[in-house]
Amino acid sequence: MDYIQEGFKEALKLLIGFDKEVYGIISLSLIVSTTATIIASFLCIPLGIHLGLKEFKGKRAFSRILYTFMSIPSVIVGLVVAILLSRRGPFGKFDLLYTPKAMIIAQTLLVTPLILGLTYSLSKNRGKEIERIGQTLGGNKLDIIILIIKELKLDLMVNIVTAFSRAISEVGAVMIVGGNIRNRTRVITTTISMMNSMGDYPMAIALGIVLLIISFGINSLIYSYSGDD
Amino acid sequence: MKRILALTLSILLIFTVLVGCTPKDEGQDVGEVEENVDSVEENDVVENGVEEETGGRIILATTTSTQDSGLLDYILPIFEEETGIEVDVIAVGTGKALQMGRDGDADILLVHAKESEEEFVAEGYGKVRKDVMYNDFILVGPKEDPLNLKENSPNDILEGLKTIAKNEYTFISRGDDSGTHKKELSIWKEAQIEPAGEWYLEAGSGMGDVLKITDEKQAYTISDRATYLSMRDTLDLDIIIEGDENLFNQYGIIPVNPEKFDDEVKERINEEGAERFMDWLLSPDTQLLIGEYGVEEYGMPLFVPNAKLD
Amino acid sequence: MEISIHNLKKYYGEKLVLDIEELKIKRGRITGLIGPNGSGKSTLLNIISGLDREFLGTVKYDGKLLDKDIYKKMTLVFQKPYLFRRKVYENIEYPLKVRGVNRDERRERVKNIMERLEIEGLKDKKGHLLSGGESQKVSLARALVFNPELLLLDEPTSNIDPESVKVMEREILRFNEETNGTVIIVTHNMEQSERLCHDIIHLER
């Protein structure tokens, strides 16, 4: 049991002492996951709203497929991206594998179906009503999409944060396409996983604490925000 | 959040409905189903009987390189058939493997970091440590060998590493505290170089992953021969330096000492199974088997057995 | 605005829910739509408002088919009010904004209509946090603010307090008198239809 206590003590030392490596890992995690979430959001929110409102053939089948993809395992995304970016793969010439860019690509692909699916179902369930109001008040197509984004701002924020949480806590994809290279592509989750297999707990615990703080932080932010609205 | 919850629930619901349907359809003919129950129970009894005859299972903590090389897949089924003891292999870094031994989470260790192993036995966590076999490490790098190491120092790893460091050519280190990583660090030390800088990348991954990264980056790395040979066809990498004594790597087997733990943990350690596994591994027949592994596929053995018979 | 309906048929799947051979709704008058549940009152209102475009037959507005112009001249107030998650002021301002009315005029008109519906006090409250009566007055204000030529009301006063009902009825009448705007109202309440309506249309199931 001693090593757990020791681990916590050492972990606090690393955090309070602003250990350069630990904070480097944390900031790369934040940068990769935030970028991926932002890119996916810009693409998927307008598209999701549009698809949610629109009636088209095979909409039910589309929903089912989309919802399935929402829970796509991260290792599969990692594998696909690794195959595509590998030197022998179709995008090999860009030399992207084992770089932070590859990690952003993988995580973007990972959260794209999630944001699209969540936005789509939100728009399907609640967008219609807003669309009707917008129409009766004389808004055109663009007015209405803007109106829906503004009206569902809060839920969309929750969706974005959900996607971000998934991105920052996944290990499979970033491990495969990033390679967990020290000071380059090492993020919180891959470090924890590696430190565990090395039997070296302090840094793993320190990063575990940070990951928890990040998760709690954004979740309570969302709840306090939705609470006073 | 609510939305996700709702979604999860609805997925669960779908599953429940799907699963729920099956028994309903089958349940129509109750008499038949009941008849079947008897035979199922009989089967269970038979299976349990078999289980009792076996020697249970042992947990073998070993390094990723033994696992990746395929040696264990080759020899373990034979052991399991001979003794009825199942071997659960946990492939981790040497550091973690030793930690598992210290925590009483493994019954026996097969690792390759002699110093740490002897320390482990000295602390009382291992009963004995015996040589099993050795393999050797190699320096692999791009086929074109941009630093011409193959020409200048084909059997001198120290010279090779010095050249890499001097040219600051990309080198991928395991960086995961594994036996291979420790070995690599000891060779750098021997060469009196402290590897650091932009060119020295610590992957923190297993051998297979490190070889892939090395391939992608067309860099140099130190690998065990077994893993390299097993992946050779998928890599654009060649053996650059080999045969240096500094590159030899001894594997040892250590049964965990149950006496070191309190009763609760002690009970769970399969001492007898571990002993039998060690004896089997060191027996002449098995040693022969180890020496054969890889010859057919790669034209050379991956491991050289060197158990000493007392 | 005068509405003329010709050979209108509306199906939900196989089921015919609305079948009107000929119907005229006169300009500048308040017309009540009355009928039992399922007689298609709301469906008819949705069709006239342009929300529902999947029907057979023709609906003409002052002799023309629905176009963008006409679409911007009418509005519909739902039975269950939906206000935007923003201030009451911004809710009422919205139809003026999408019509490109300038800021000063918007302020003037919103202020005016809020006074009439006695909701100036709600100006800075969030729309989605209001009570039923308040919400419905705000949504009527949001409909009246741009002086539509055709005002469609789908049971606007069901389930709200009598005081609010009074204010709303007064303003509906006043709107009709002052601007000569056409009003079509679906209602279950016979007394209300007597108080408000010049013409009554009975829909049968």
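All of these numbers come straight from a predicted model, not from anything done at the bench. (Residues numbered from 1 in each chain as written. Chains lettered and ligands numbered in written order. Predicted model: local features only at pLDDT ≥ 70, side-chain atom pairs only at ≥ 80, totals over all residues. Heavy atoms only, no water.)

Helix packing geometry: the angle between the two helix axes and the distance between the axes. Residues and elements named next belong to chain C. With their axes 10 Å apart at the nearest point, helix α3 (residues 88–98) and helix α4 (residues 103–116) run at an angle of 125° to one another. One element, α3, and the other, α4, form an angle in the oblique class. In this structure, α3 meets α4 at a crossing whose hand is right-handed. Here α3 contributes V88, Y89, I92, E93, L96 and K97 to the contact with α4, which in turn contributes R106, R107, R109, V110, I113 and M114. Taken together, the residues of the contact of α3 with α4 sort by class into 7 nonpolar, no polar and 5 charged. (Axes fitted to C-alpha atoms, helices over the stretch in contact; angles between N-to-C directions. Helix = DSSP H or I, 4+ residues; strand = E, 2+ residues; numbered from the N terminus. Parallel < 35°, antiparallel > 145°, perpendicular 65-115°, else oblique. Left-handed = near helix turned anticlockwise from the far one by under 90°. Contact = heavy atoms within 4.5 Å. Nonpolar A, V, L, I, M, F, W, Y, C, P; charged D, E, K, R; others polar.)

All names here are of chain C. Read from one edge of the open sheet, 5 strands run β5-β6-β7-β3-β8, paired in parallel fashion. Lying at the two open borders of the sheet, with one neighbouring strand each, are β5 (74–77) and β8 (199–202). The average undirected angle you get between the axes of adjacent strands in this sheet is 15°. Bridge count between strand β3 (residues 30–34) and strand β7 (residues 182–186): 4 bridges; the pairing is parallel. If you follow I30 over to β7, its bridge partner there is V183. Packed onto the sheet, helix α1 (residues 41–49) meets β3, β5, β6 (150–154) and β7 and runs at close to 150° relative to β6. This element, helix α5 (residues 132–144), spans β5 and β6 of the sheet and lies at about 175° to β5. (Pairing = 2+ DSSP bridges.)

Turning our attention to the interface of chain C and chain A. Opposite the 21 residues of chain C that make contact, chain A presents 15 residues. In total, chain C and chain A occlude about 1,900 Å² of area from one another, counting both sides; carbon and sulfur atoms represent 52% of this. Among the residues of chain C in contact with chain A, Y71, Y82 and R85 of chain C are the three that bury the most area, contributing 32% of the side total. In this structure, the connection of chain C to chain A is made through 2 salt bridges. Residue R86 of chain C is joined to E151 of chain A by a salt bridge in which the shortest nitrogen-to-oxygen separation is 3.8 Å. In this assembly, chain C and chain A are joined by 7 residue pairs in polar contact (both at pLDDT 80 or more). At the level of elements, β5 and α3 of chain C are the ones that each hand at least two residues to the side of chain C that touches chain A. (Buried area = accessible area lost by both parts, 1.4 Å probe. Salt bridge = Lys/Arg side-chain N within 4 Å of Asp/Glu carboxyl O. Polar contact = N/O pair within 3.5 Å; in protein donor to acceptor, adjacent residues only side chain to side chain.)

Before going further, it helps to spend a moment on the interface of chain B and chain A. Listed as interface residues are 29 residues of chain B and, on the opposing side, 31 residues of chain A. Of the roughly 2,500 Å² buried where chain B meets chain A, counting both sides, 50% is carbon and sulfur surface. If you look at where chain B meets chain A, you find 4 salt bridges. Between R87 of chain A and D215 of chain B there is a salt bridge, with its nearest N and O atoms 2.9 Å apart. Our count for the chain B to chain A interface comes out at 11 residue pairs in polar contact (both at pLDDT 80 or more). Secondary-structure elements contributing two or more residues to the side of chain B that touches chain A are α1 (2–26), α5 (94–102), β6 (200–202) and α10 (207–217) of chain B. When residues in the side of chain B that touches chain A are grouped by element, the largest group, 6 residues, is from α10 of chain B. Looking at side-chain class alone, the side of chain B that touches chain A contains 8 nonpolar, 8 polar and 13 charged residues.

So, on to unusual backbone geometry. A positive phi is found at D95 of chain A, a non-glycine position, where the angle reads about 55°. Examined against the element boundaries, D95 of chain A turns out to sit in the loop between α4 (74–85) and α5 (100–136). Residue classification places D95 of chain A among the exposed positions, given a relative accessible area of 52%. Non-glycine residue N180 of chain C carries a positive phi angle of around 60°. Looking at the secondary structure, you find N180 of chain C in the loop between α6 (162–179) and β7. On the accessibility criterion, N180 of chain C (45% relative accessible area) is partly exposed. (Buried < 20%, exposed > 50% of the residue type's maximum accessible area, 1.4 Å probe, protein only.)

Tallied over the full model, the rule gives 37 salt bridges over all chains. Via salt bridges that share partners, R116, E118, R170, E171, R174 and E178 of chain C belong to a single interconnected network.

With that settled, the discussion passes to the arrangement of the chains. Highest in contacts among the 2 pairs of chains that touch are chains A and B. There is a clear gap between chain B and chain C: no contact, and 19 Å between their nearest C-alpha atoms.

Turning to the domain arrangement of chain B, a few remarks are in order. Residues and elements named next belong to chain B. Entries for chain B in the domain assignment read domain 1 (57–134 + 250–305) and domain 2 (136–248). Just the C-alpha atoms count here: the centres of domain 1 and domain 2 sit 26 Å apart. Residue-level contacts link 15 residues of domain 1 with 17 residues of domain 2. Here domain 1 meets domain 2 over a buried area of about 1,300 Å², counting both sides, of which 59% is carbon and sulfur. One can count 0 salt bridges joining domain 1 with domain 2. Counting across the interface, domain 1 meets domain 2 through 0 residue pairs in polar contact (both at pLDDT 80 or more). Mapped by element, the contributors of at least two residues to the side of domain 1 that touches domain 2 are α3 (64–69) and α5. At 4 residues, the largest contribution of residues to the side of domain 1 that touches domain 2 is made by α3. Its residues assigned to classes, the side of domain 1 that touches domain 2 shows 5 nonpolar, 9 polar and 1 charged. (Domains from an automatic or database assignment.)

Another point: the packing of helix α2 (residues 20–53) of chain A against α5 of chain A. Residue and element names in this part refer to chain A. Running from N to C, α2 and α5 cross one another at 35°; their axes reach a closest spacing of 5 Å. The hand of the α2/α5 crossing is right-handed. Split into classes, the residues belonging to the contact of α2 with α5 amount to 18 nonpolar, 12 polar and 3 charged.

We now examine the packing of aromatic side chains. Residues and elements named next belong to chain B. For the coordinates displayed, the defined rule picks out 21 aromatic pairs over all chains. Ring centres of Y125 and F261 lie 6.0 Å apart, and the angle between their planes is 45°; on these two criteria the pair is classed as tilted. Of this pair, Y125 sits in the loop between α6 (114–122) and β4 (130–142) while F261 is found in the loop between β9 (248–255) and α12 (263–268), placing the two residues 136 residues apart along the sequence. Like Y125, the residue F261 is buried in the burial classification. Consider the rings of F277 and W280, whose centres lie 6.2 Å apart with planes at 25°: the pair is stacked. Of this pair, F277 and W280 both sit in helix α13 (residues 271–282), 3 residues apart, roughly one helical turn. By the burial criterion, F277 is buried, and W280 matches it. Over the ring of Y125 we find K260; its NZ or CZ atom is 5.1 Å from the centre of that ring. (Phe/Tyr/Trp six-rings, centres within 6.5 Å; stacked < 30°, edge-to-face > 60°. Lys NZ or Arg CZ within 6 Å of the ring centre and 35° of its normal.)

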